[in-house]
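# Structural description and commentary
Below are the chains, spelled out letter by letter.
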2 protein chains.
Amino acid sequence: MKQRILIVDDDPGIVAAITPALRAQGYEVAAAHDGELALAAFRQVEPHLVLLDLVMPKLGGIGVCQQIRQQSATPIIVVSVKGAEADIVTALDNGADDYLVKPFRLSELLARIRAVLRRGRTPQPLIECADLVIDTTRRIVLRQGQPVSLTPIEYAVLAELVAHRNGVVTARQIVQRVWGPQYADATDYVKGVIRRLRVKLEPDPAHPRYIITEPHVGYRFNDASGAVSSPS
Amino acid sequence: MKQRILIVDDDPGIVAAITPALRAQGYEVAAAHDGELALAAFRQVEPHLVLLDLVMPKLGGIGVCQQIRQQSATPIIVVSVKGAEADIVTALDNGADDYLVKPFRLSELLARIRAVLRRGRTPQPLIECADLVIDTTRRIVLRQGQPVSLTPIEYAVLAELVAHRNGVVTARQIVQRVWGPQYADATDYVKGVIRRLRVKLEPDPAHPRYIITEPHVGYRFNDASGAVSSPS
DNA sequence: CGGTTTTTTCACCGCTTTTTCACCGCGCAA
DNA sequence: TTGCGCGGTGAAAAAGCGGTGAAAAAACCG
């Protein structure tokens, strides 16, 4: 879904300068040239983000900020020539999420836009492959939707494998990470844990799909979901 | 509840300058002086906000940023002498929520802290599940509409569990939060309190529905009716 | 001050996990 | 073929953890 950005600035030059850059990043752009038009446009466009100038006819930036905040939590970045401490504090305390002083570097504006938009999302730190879901924040592993109970060591080893998913991890590495550096030679531990993990996680423990043995090298966690995302 | 802020900076002068100002605003302040300590402190303190310097021994600010982002959405404000466009963009794209160039105006920092914390807040003073209602603002717990009398320690432990509801909290974490860091090994306390809480809150204390034990890991407060099969 | 509640401490029990050890089977090279 | 290294299997011993109960100590309150 394309994200929509509303630019509110009475200087057509600014709008003209920013708009193409935003479009190039894949945003949809709308513009308004004074405070009242801004509120109308806000209701109509329902933008994901507002770029707001402070000095404007009809209704100042602060006023626009307050009005928007009364009805929505849409992020607002104030962009203004006014760089005084008081202006910045006032804007932020009236609902602005960020404040950028003109003249600004375009790439910084874009980065701040990304940062502010990123916050709204609730990223799921979930690792999924086929019938396995690993929720690293809640320390929970689901297999076909059913929770699988793992012991601390099992979970730690799994985490180590998943951290290097699709890459090979040696038994030595695993032992050092999970048990500690002084256990570097106790690679026997790993055998047992790997087996228990396979019994608990693999559809057919005798022919593993996820926890693959790379002979004479180590183990590899196979992420079957080949979905590779391409961030901006 | 007091909001906790973690300052990460290797310059004691900066820490000394900022800390009192933050305390005066009613924040709890913790500090770490290099990247590795920062991550350890982060896990222990679980701050609501991180103030992060970029240039540090052990592990740079960007690295800290990434590590924190892997496990949490806690807001991060980078505070650095490096004001170059590339530094700002890099930090923001690696998970920072805001970027402030040193030297900065204290009131601006405070305003940006307020702005960033304001977003994160999703106030839900009432937690309800099945026949339990927990009013975190009034420190009151209702069970089937009837108030349950909890001792201060019982309530503190319950609050700690509820704060991480559906996530696992270790006995060590609970003890450190409720009794203080110096009690980190006195996990025996927790056993007793958990038992009393179960007696007071659970319909069937022998088979808990809310305060679940995650064996060898810790405890979890179960919000939704996430049916977890348990052998009887 | 005395009585009550709350917190701390301790010992025991049963269960799960971890560790340890011996053995098996396969592939590979001498 | 035989010997060897590597990884899988199985089971039993050891260790650790959590639940329980109860009593001592401390805090609270009129």
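Residues numbered from 1 in each chain as written. Chains lettered and ligands numbered in written order. Predicted model: local features only at pLDDT ≥ 70, side-chain atom pairs only at ≥ 80, totals over all residues. Heavy atoms only, no water.

Chain A is annotated in an unreviewed UniProt entry as Two-component system response regulator from Chloroflexus islandicus.

## Remarks on the confidence of the model for chain A
Averaged over chain A, the pLDDT score is 89; the fraction of residues at 70 or greater is 94%. The model gives residues 226-232 of chain A a pLDDT under 50, and that stretch makes one contact with residues more than four places away or in other chains. (pLDDT = per-residue confidence, 0-100. Contact = heavy atoms within 4.5 Å.)

## Considering the interface of chain B and chain A
Counting residues at the interface gives 29 residues for chain B and 29 residues for chain A. Summing the contributions of chain B and of chain A, the shared interface buries around 2500 Å²; its carbon and sulfur component is 47%. Between R114 of chain B and D93 of chain A there is a salt bridge, and its shortest N-O distance comes to 2.8 Å. Counting every contact that joins chain B to chain A gives 17 residue pairs in polar contact (both at pLDDT 80 or more). (Buried area = accessible area lost by both parts, 1.4 Å probe. Salt bridge = Lys/Arg side-chain N within 4 Å of Asp/Glu carboxyl O. Polar contact = N/O pair within 3.5 Å; in protein donor to acceptor, adjacent residues only side chain to side chain.)

## Some remarks on the domain arrangement of chain A
Along its sequence, chain A is carved into domain 1 (4-118) and domain 2 (126-221). Its C-alpha centre places domain 1 of chain A at a distance of 48 Å from the equivalent point of domain 2 of chain A. (Domains from an automatic or database assignment.)

## So, the protein's contact with DNA strand C
Surveying the vicinity of DNA strand C reveals 14 residues, the closest of which are T151, W179 and Y189 of chain A together with T151 and Y189 of chain B. Counted by atom, the contact set of DNA strand C within 4 Å of the protein is 88% sugar and phosphate. Y189 of chain A places a side-chain nitrogen or oxygen 2.4 Å from a phosphate oxygen of DNA strand C. Where the surface near DNA strand C is concerned, the elements lending two or more residues are α6 (152-163) and α8 (188-201) of chain A together with α6 (152-163) and α8 (188-201) of chain B. Looking at the surface near DNA strand C, the element that brings in the most residues is α8 of chain B, giving three residues. For the surface near DNA strand C, the per-class residue count stands at eight nonpolar, three polar and three charged. (Near = heavy atom within 4 Å. Helix = DSSP H or I, 4+ residues; strand = E, 2+ residues; numbered from the N terminus. Nonpolar A, V, L, I, M, F, W, Y, C, P; charged D, E, K, R; others polar.)

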